[in-house]
2 protein chains.
Amino acid sequence: MNNIVSRVAGDAVPSKARFRPLSIDKLRIDGFFGPRLDTICATTAFTLFERCINAGMLDQVDPDRPNPGVVMPPEPSNTVTTQMFWDSDFGKSIETAAYALNRERNEKLEAMVDEVVEAYGRLQQEDGYLNSWYIRIEPGKRWTNLRDKHELYNAGHLIEGAVAYYHATGKRRFLDIMCRFADHIGQVFGPGEGQLKGYPGHPELELALVRLARATGEQRYLDLARFFVDQRGQQPSYFDEEARARGEEPGDFHFGTLEYCQAHKPVREQDAVVGHAVRAAYLYAGMADVATEFADDSLTGALNRLWSHLVDRNLYITGGFGPSARNEGLTFDYDLPNESAYAETCASVALVFWASRMLGRGPNGEYADIMEQALYNNSLAGLSLDGTQFFYDNPLESRGDHHRWTWHRCPCCPPNISRLIASVGTYFYGVSADEIAVHLYNSGTAEIGLESGIVNLTQTTGYPFDGDVEIGVDAAEVQSFTLSLRVPGWAADYELSVNGAPVSLQTENGYLRLSREWQPGDRVSLKLDLTPRRIFANPKVTPDQGRVALMRGPLVYCMEEVDNGGDLNSIILPDDARIDAERSDILGGITRLTALACRESWAGNALYAETAPARQKARITAIPYYAWDHREAGAMLTWIRREQET
Amino acid sequence: MNNIVSRVAGDAVPSKARFRPLSIDKLRIDGFFGPRLDTICATTAFTLFERCINAGMLDQVDPDRPNPGVVMPPEPSNTVTTQMFWDSDFGKSIETAAYALNRERNEKLEAMVDEVVEAYGRLQQEDGYLNSWYIRIEPGKRWTNLRDKHELYNAGHLIEGAVAYYHATGKRRFLDIMCRFADHIGQVFGPGEGQLKGYPGHPELELALVRLARATGEQRYLDLARFFVDQRGQQPSYFDEEARARGEEPGDFHFGTLEYCQAHKPVREQDAVVGHAVRAAYLYAGMADVATEFADDSLTGALNRLWSHLVDRNLYITGGFGPSARNEGLTFDYDLPNESAYAETCASVALVFWASRMLGRGPNGEYADIMEQALYNNSLAGLSLDGTQFFYDNPLESRGDHHRWTWHRCPCCPPNISRLIASVGTYFYGVSADEIAVHLYNSGTAEIGLESGIVNLTQTTGYPFDGDVEIGVDAAEVQSFTLSLRVPGWAADYELSVNGAPVSLQTENGYLRLSREWQPGDRVSLKLDLTPRRIFANPKVTPDQGRVALMRGPLVYCMEEVDNGGDLNSIILPDDARIDAERSDILGGITRLTALACRESWAGNALYAETAPARQKARITAIPYYAWDHREAGAMLTWIRREQET
C-alpha cells in the first residue's frame, strides 16, 4: 500500500489534509436523484451508446471494421467535424454506463461496453498509444497538434471511463488498457531530456490522471498530472512552437489566442477565467486536484483568484457560465445576457467538477454552495426527465424556440451531464482520515472508510423540496471522528439535533462540525429553512436590472408560458408579494412557487404608444429551472420584472 | 416640355397627382440645420474626398494612373474588400460636395469634384459603360454577377451624384457622362429581345433613374426604373441562372438566400421587410417613385404592406431598423435589442428616402412622421457635430465602448449621411401642380413653381426645440393653391392662424390643408405642442419591457454617463415624475430633459444578493439621441427603467 490509496477501490485510507470523494461502488442513491438514476439505467446509458455507434464511432475505433474516413456532420453548410474527439464521447458514455451498471447490473449494457473496450484493446498500438483519430484517420501525425486536436483530452475521458468501469464492475481490462496508454504518455511527456514539454490543448487529462492515481495507487500518474499543470503557459509557448513546426503561424487558429485554451501564462499567474468555459473549468479542476494531492498552496492561491473572478463577476444564477456561443466561453466581466446565454451544459458540469475539487483541502461552503447551484440548475436541466433529450446551451429566457436536442453535431454534453447525474452520489461526501464532510443532501446510503473503521451513513430526506434531513451514523463500533454537515449559504435558519437533543453549534466555513465518539445507531437531524427567496443582481449586470429571480433551497425557478400565458415580460412581481410554495405531482414531483403579481396589457398592435400599459392582477406560477421545456413549447423567463409596489 | 418635368432644373411643373421634391438650388436652409450644413461645406465635403482618395479610389477610377489592383482593407484578418463599390462612395461624395457647393461655392472643392468627373470621363468606354472595378480590376466580366457585385448599384450612386452636381453648379459634364451610361444600361437591360432581364443585386439604380428622369425630362429613364422594379423576383430567378452561368450553385453565396436582396419573389407579392436593410429600403424607395410616376396602385398596395411590417413590428424608436450585424438586416418580428442594435446609419438614411417617396402620392402624416423620426434620430446621429466622424451602427444602449469612426472598411455610411443632411431641404416640401405640402419645419426659404406661378416660402422657427413655426407665403401675385402643413402625430395640441387670425381646421391625413387665394405677404403661424412625452413599447419587444423612452417633438432622448454617472440601468424613472425641458448651450445648443428619478445602489461587490437594492432620489438629465457620444466617453441608455411609483 502506498501513500495515496489502496489498489482496492473504495478501500481508501485518505490522509487528514485531503478530502477525497467516495468511489461509486460505496454509494446507494434514492430520494430526489433515485428516479433520475433509474432513468439513466433504463434509457440514457443505452441511448448514448446507440447514438455514438449510429454516428459511426465504433467504425473508427474498431480496427476490424472498414475505416470510415472523415464523416461529415449532417448539417450541410457545417464544415466542422467533431470526429477527432469521438474517443471522448465513448469515454464519457462508458463512464455513464459504468455508473448505471454499478446501480443495476445489466448484461446487455455490459456487453455493449465490453465490445467497445475490446475494440480499443485491438486498436491500441504496441507502444501503448491509443487514439482512434490519429491511428485510423491521420496516421503518422500523433503529438503534432496538442493545441487543437484533443489528443490528450480524449485520453483523459477514456481514462475516466476506465476507472469508473473498474469500480463498477471490478473488471480490469479497460483500466489496464488505459494504464498502458497513460504510461506511454508519461514516457513521451515529462520533464526529462528528450521528453515533450507539451500539455493538453483541451484540459481534462489532468483530473483524469488524478482519478487514475487514486484508483491504482500509482504516484506516477499524479506526477504526470502535476507536470501538465506546471508546464501550461510556460514561455516559450509550446503551442506556438508546435504551430511553427507544422509550418503555421502561431496565431492562425480558431480564435487565435492562447487565452482560448488558458495557455496564455503559467497557471499560477492566472487570475481571470478566460476563453473556452469547459476547458477553463476542467483545467481548474485538475489544478485543484493537484493542489490537494501535493498540498500545493501556490496553486490554491491562483485557484482562489480564479474562483472569485468567476463567482463574483461571471456566473449565471443557474450556475452556468460562458455567455458567448462564439468562443463557447467568457467575454467580459458582468456580461450575462439571458436570452442569448450560451451557458453550455458541459461548462456547468465542469464547474461541479471544479467546485467539488475545491473541497479537497477541507469543507468550505463557498465552494459547496456553488457546486450545488450548478448541479441542481444549469446542469440538471441538461438531461430531460425521460433521459432521452439534452440541452447544449442553457438560456435563462426563451421565446419558446429553445428545446433539448436528441443529439448534437458536437455531442459532448449528452454523455457529460449523464455521467454527472449517474455519479451524483460521489459529490455528496468528502472524506479525510478522520472526517466526513456531507456536502449535499439526498436520501441514500454510503459506506465510508475512515482510519477508525467503516462508517455507514444513511440519509433520509425529501431534499431539495423538503429541508429536513435525517442522517443515521452507523459505525460498526464506537469511533471518534468528525461529521461535518453543510449549512447552505442560502439557509436563513437551521436546527441541528443529535439523537433528538438540540445541539447549538456555530458553523465553520459553512459546516457544522460534530466531533464526538459516535455510537452505532446515532441519529443526526438537520432542518434547513426553505423559505422562497428573492435574488437581485448587481447593477453591472444590466439585463437583470429591474428584475428579480426566485429561488427555494438550491433551486432557481422560472416561469413558463404553459403556466402563465405568453409575453412573460408583461408580468411584474411586486417586491412585497408573498411567494407561496406548493407541492405538485407534475414534472416528476416538484414544489411550485406562486405569487400574486400583475400583468400589463397592451391595447392594439402598435409597436409604441404614449399610454402606459394597463395593469391587472395575475397569479403567477414558477417551476424549477431544471424542469423547464417538458410540456407545451413556449416562452420561459428566469429574471422576472419587479417593482417596489404595483 | 414633356409630361414629366422641364429640362431646366427647378423649373418643374408637376401634375396634380404627383408630389415631387424641390431641387437643391431652390432652397436656402437656416435654423437647426444651418450650422450642420455649414460644417459640411467647411469640413465634411472635403473630408469625404480626401478619405476616398487616400483609400486609393481615384487610382482605380483614373485610367491615367497606375492600376492599383486589389487593395486589401487595413484589418489583417478581414478578407472582404469593398473596393467593388468604390464608385458608389465617389458618387455619394460628389453628391455631398454638390449640395455643399450649392450652399456655398468653393473653387477648391469644385476642382476636386471636377478632377474625379474628368477621370470618369476618361474611364468611360466607347459604348458608354462605366464601372471602375470591372474596367480596371476584372475586365471582361461585366454584367456576369448582378447579384453580388454592385455594378448597377454603383451606376445609381454616380447618377445621383451627377444630377446633384448639375443642379448645384449647372455643369452638364458629369450628367452627360451618366446619361450615356444610363442609355447604355437601357440598351443592355430591358424587355426587348436580346436584352438582359436582370436587375440590381443591391437596389439603388431604380430611384436614381427616377431622379435622372426628373432632371432631364427623359421618359426612358422612368421606363427603365419600372423595368427593374417589375423584373425583380420573377421566375425563373435571374440571379440563380446567372450563378449557374458562372458555374456556381445558386444558393452558394453570402447568406445564400434571395431574401437577402429582396429578389425572392416579385415585388408586388412581397409583404414583409426582409434581408439586408439598406437594400430593402432603397428598393421600396424606387418602387414608391415608380408608383408615383406611373400612378401604379398595385405597387402602392405592396408598399403599404411592407410599410406596416416595418413600422408596426421592426422599427427602432430612433427610426433605425435591421437589428443584426450578421446580415446587416432583418431577423424576426419584434427583435429589437438595444445594446446590440445594428441599425445601420445607411438603413435609416434609406428609410428617409423611402418615407419621402411614400409622400409622392400626396401628403400623409403616417409617412412624414417616420421620415422625421428617422432623420432626427438614427440618421442625424451618424455624423458628428464637427462633421468629421461617423457612426456605422447605432445601438440604443452602450457601455461606453461605442464611438463614431473616422472612416470604415466599408465606407458607405459617411457619404450617405452627409448627402442626406446636405440635401435635407429637399425633404421639407412635396410639390404638385397646385399644392405645397410642408412635411418638415426648419428656418429657411424655398422657391416653388406651381401651375399658378412662383411662390416663395419663408419658414422661421426654432424647430425642433421650439414648436412655433411662422411661414411667409410670398406669391409674386395672387394665386390659388393649397398649402398643407403637417401636424406631427406626436403633437398633442396645435394652433393655426393665418395673418394673425386663428383658423379652426381639421387635419386630413395629418395635414392642415389651407386652400385659398394667397396674397403676397401672407403669413401663416403654426404652434405645435412640444410637451415631453413618455413612450412605451409593445410587450413583444421584450428588451423594452419595464422601460420608458423620452421624446420631445421628433427627438428621442437618451441618458449619458457624463450627465448621470455610470450604471444607467440603476436609474428608475417613476411614471408620475415631471419631465422638465430646459435650453442649454452644450452640444451646439439643445433642449435637455430633466426629471427627479431614483437610483438604486448596491452594497458590496457580490454578483447577487437577497436584499433589494436601496434607493435614493436622483435628478436625471437626458439629451437628444443624435447628440450622444460627443463628450466624455461613457455609457448611454435610451430605454430607461420605469415604475408606476417608486
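Residues numbered from 1 in each chain as written. Chains lettered and ligands numbered in written order. Predicted model: local features only at pLDDT ≥ 70, side-chain atom pairs only at ≥ 80, totals over all residues. Heavy atoms only, no water.

Quick notes on the relation of the copies chain A and chain B
For step 1, the next point in the chain: Turning chain A through 180 degrees and shifting it by 0.1 Å along the axis lays it on chain B, with an RMSD of 0.1 Å. Accordingly, the operation relating the two chain copies is best matched by a two-fold axis. (Least-squares fit on C-alpha atoms with pLDDT ≥ 70 in both.)

Regarding the packing of aromatic side chains
For step 1, the next point in the chain: All chains considered together, the criterion is met by 64 aromatic pairs over all chains.
For step 2, the next point in the chain: With centroids separated by 6.3 Å and ring planes inclined at 90 degrees, the aromatic side chains of Phe85 of chain A and Tyr153 of chain A adopt a geometry described as edge-to-face. Remark: Tyr153 of chain A occurs in helix α6 (residues 151-169) and Phe85 of chain A occurs in the loop between α2 (57-61) and α3 (86-103); sequence separation between them is 68 residues.
For step 3, the next point in the chain: Exposure remark for Phe85 of chain A: the relative accessible area of 11% places this residue in the buried category.
For step 4, the next point in the chain: When the centroid spacing of 6.2 Å and the interplanar angle of 70 degrees are considered together, the rings of Tyr376 of chain B and Tyr463 of chain B count as edge-to-face. Here the residue Tyr376 of chain B occupies a position in helix α14 (residues 365-381), and Tyr463 of chain B occupies one in the loop between β6 (453-461) and β7 (468-475), the gap between them amounting to 87 residues.
For step 5, the next point in the chain: Taken together, the ring pairs in this structure connect Phe32, Phe33, Tyr376, Phe428, Tyr429, Tyr441, Tyr463, Phe465, Trp490 and Tyr626 of chain A into an aromatic cluster. (Phe/Tyr/Trp six-rings, centres within 6.5 Å; stacked < 30°, edge-to-face > 60°. Helix = DSSP H or I, 4+ residues; strand = E, 2+ residues; numbered from the N terminus. Buried < 20%, exposed > 50% of the residue type's maximum accessible area, 1.4 Å probe, protein only.)

Concerning the interface of chain A and chain B
For step 1, the next point in the chain: If you look at the interface, chain A gives 51 residues, while chain B gives 51 residues.
For step 2, the next point in the chain: The contact between chain A and chain B buries some 3,900 Å² in all, and 49% of this surface belongs to carbon and sulfur atoms.
For step 3, the next point in the chain: Joining chain A to chain B, the criterion identifies six salt bridges.
For step 4, the next point in the chain: The residue Lys540 of chain A makes a salt bridge to Asp567 of chain B at a minimum N-O spacing of 3.8 Å.
For step 5, the next point in the chain: Counting only elements with at least two residues in the side of chain A that touches chain B, the list comes to α12 (297-313), β13 (533-537), β19 (608-609) and β22 (640-643) of chain A.
For step 6, the next point in the chain: The element that contributes the greatest number of residues to the side of chain A that touches chain B is β13 of chain A, accounting for five residues.
For step 7, the next point in the chain: Classifying every residue of the side of chain A that touches chain B by side-chain character gives 21 nonpolar, 11 polar and 19 charged.
For step 8, the next point in the chain: Here β19 of chain A runs beside strand β13 (residues 533-537) of chain B; their pairing, made up of two bridges, is antiparallel. For Ala609 of chain A, the partnering residue across the bridge sits in β13 of chain B and is Phe536 of chain B. (Contact = heavy atoms within 4.5 Å. Buried area = accessible area lost by both parts, 1.4 Å probe. Salt bridge = Lys/Arg side-chain N within 4 Å of Asp/Glu carboxyl O. Nonpolar A, V, L, I, M, F, W, Y, C, P; charged D, E, K, R; others polar. Pairing = 2+ DSSP bridges.)

Regarding the pairing of strand β14 (residues 547-552) of chain B
Walk down a regular strand and you will see the side chains alternate between the two sheet faces.
Residue and element names in this part refer to chain B.
For step 1, the next point in the chain: Of all six residues in β14, six are buried; the element is thus mostly enclosed.
For step 2, the next point in the chain: Residues Arg547, Ala549 and Met551 line one face of β14 and the alternating positions Val548, Leu550 and Arg552 line the opposite face, and both faces are buried.
For step 3, the next point in the chain: Of the strand pairs in this sheet, β13 and β14 are connected by three bridges, and their pairing is antiparallel. Within β14, the position partnered with Arg534 by the bridge is Leu550.
For step 4, the next point in the chain: With two bridges joining them, β14 and strand β22 (residues 640-643) adopt antiparallel strand pairing. From the neighbouring strand, Arg547 faces β22, where its bridge partner is Arg641.
For step 5, the next point in the chain: Summarising the sheet, β14 and strand β15 (residues 555-560) pair through two bridges and their orientation is antiparallel. Among the inter-strand pairings, Met551 is bridged to a residue of β15, identified as Val556.
For step 6, the next point in the chain: The hairpin turn running from β14 into β15, its antiparallel successor, is two residues long, and Gly553 in that turn takes a positive phi close to 60 degrees.

Examining the confidence of the model for chain A
All names here are of chain A.
For step 1, the next point in the chain: Looking at chain A as a whole, the pLDDT averages 94, with 96% of positions reaching at least 70.
For step 2, the next point in the chain: Low confidence marks residues 1-14, where pLDDT is under 50. Its contacts with residues over four positions away, or in another chain, come to 39 contacts.
For step 3, the next point in the chain: Reported confidences for the modelled complex are a pTM of 0.92 and an ipTM of 0.94. (pLDDT = per-residue confidence, 0-100.)

Comments concerning helix α11 (residues 277-294) of chain B
Residue and element names in this part refer to chain B.
For step 1, the next point in the chain: With 18 residues, α11 ought to run about 26 Å at 1.5 Å a step, and its terminal C-alpha atoms sit 26 Å apart, in line with that.
For step 2, the next point in the chain: Extensive coverage of α11 is indicated by the burial of 17 of its 18 residues.
For step 3, the next point in the chain: At the C-terminal side of α11, Ala295 shows a positive phi close to 50 degrees. (Expected span 1.5 Å × (residues − 1).)

What to know about the sheet that holds strand β4 (residues 435-438) of chain B
Strand pairing within a sheet occurs via backbone hydrogen bonds; the two strands may be parallel or antiparallel.
All names here are of chain B.
For step 1, the next point in the chain: Spatially, β3-β4-β8-β11 is the arrangement adopted by the four strands of the open sheet, whose pairing is mixed. Of all strands in the sheet, those bounded by a partner on one side alone are β3 (429-431) and β11 (511-518). Between one strand axis and the next, the sheet turns through 20 degrees on average, direction left out of account.
For step 2, the next point in the chain: Relative to β11, strand β8 (residues 479-486) is paired through eight bridges, and the arrangement is antiparallel. (Axes fitted to C-alpha atoms, helices over the stretch in contact; angles between N-to-C directions.)

Some points on the pattern of salt bridges
For step 1, the next point in the chain: Inspection of the entire model under this criterion finds 112 salt bridges over all chains.
For step 2, the next point in the chain: Here Glu643 of chain A makes a salt bridge to Arg615 of chain A, at a shortest N to O gap of 2.8 Å. Taken together, the positions of Glu643 of chain A in strand β22 and Arg615 of chain A in strand β20 (residues 614-624) put the pair 28 residues apart, joining distant regions of the chain.
For step 3, the next point in the chain: On the accessibility criterion, Glu643 of chain A (1% relative accessible area) is buried.
For step 4, the next point in the chain: Arg268 of chain B is the partner of Asp230 of chain B in a salt bridge, and the nearest nitrogen-oxygen pair spans 3.0 Å. You can see Asp230 of chain B sitting in helix α9 (residues 219-231) and its partner Arg268 of chain B sitting in the loop between α10 (238-245) and α11, a full 38 residues away along the chain.
For step 5, the next point in the chain: Accessibility expressed as a relative area gives 26% for Asp230 of chain B, which makes it partly exposed.
For step 6, the next point in the chain: By relative accessible area, Arg268 of chain B is classed as partly exposed at 28%.
For step 7, the next point in the chain: Where salt bridges share partners, they join Arg18, Arg20, Arg214, Asp289, Glu293 and Arg357 of chain A into one cluster.

Focus on the UniProt feature "domain: Non-reducing end beta-L-arabinofuranosidase-like GH127 middle" (unreviewed entry) in chain A
For step 1, the next point in the chain: Cross-referencing UniProt, the feature "domain: Non-reducing end beta-L-arabinofuranosidase-like GH127 middle" (unreviewed entry) maps to residues 436-529 of chain A in the present numbering.
For step 2, the next point in the chain: Between the end C-alpha atoms of residues 436-529 of chain A there is a gap of 23 Å, over a span that is 0% helix and 61% strand. (UniProt positions renumbered as here; feature names shortened; annotations may be inferred.)

Some details on the packing of α6 of chain A against helix α8 (residues 205-216) of chain A
All names here are of chain A.
For step 1, the next point in the chain: Between α6 and α8, the least distance of the axes is 8 Å, while the angle of their chain directions is 30 degrees. Taken as axis vectors, α6 and α8 run roughly parallel relative to one another. Judged by the sense of rotation from one axis to the other, the crossing of α6 with α8 is left-handed. Two secondary-structure elements touch here, α6 through Leu152, Ala155, Gly156, Ile159, Glu160, Val163, Tyr166 and His167 and α8 through Leu205, Leu207, Ala208, Leu209, Arg211, Leu212 and Ala215.
For step 2, the next point in the chain: Taken together, the residues that form the contact of α6 with α8 break down as 11 nonpolar, two polar and two charged. (Parallel < 35°, antiparallel > 145°, perpendicular 65-115°, else oblique. Left-handed = near helix turned anticlockwise from the far one by under 90°.)

A closer look at the pairing of β13 of chain A
For step 1, the next point in the chain: Summarising burial for β13 of chain A: five of the five residues are buried, a large majority.
For step 2, the next point in the chain: Alternating residues of β13 of chain A divide into Arg533, Ile535 and Ala537 of chain A and Arg534 and Phe536 of chain A, and every residue in both groups is buried.

A closer look at the environment of Pro415 of chain A
Residue and element names in this part refer to chain A.
For step 1, the next point in the chain: Along the chain, Pro415 turns up in helix α15 (residues 413-422).
For step 2, the next point in the chain: In the structure, Pro415 is positioned 327 residues away from Ser88 in sequence and 9.3 Å away in space, judged by C-alpha atoms.
For step 3, the next point in the chain: Setting aside chain neighbours within four positions, we find Pro415 in contact with Leu48, Asp89, Lys92, Ser93 and Thr96.

Considering α8 of chain A
Residues and elements named next belong to chain A.
For step 1, the next point in the chain: Look at α8: 16 Å from first C-alpha to last across 12 residues, which is about the 16 Å you get at 1.5 Å a residue.
For step 2, the next point in the chain: Of all 12 residues making up α8, 12 are buried, and the element is well covered by its neighbours.
For step 3, the next point in the chain: Taken residue by residue, α8 has Leu205, Glu206, Leu207, Ala208, Leu209, Val210, Arg211, Leu212, Ala213, Arg214, Ala215 and Thr216 as its buried positions.
For step 4, the next point in the chain: Where α8 is buried, its residues meet α3, α6, α7 (173-188), α9 (219-231), α11 (277-294) and α13 (345-358).

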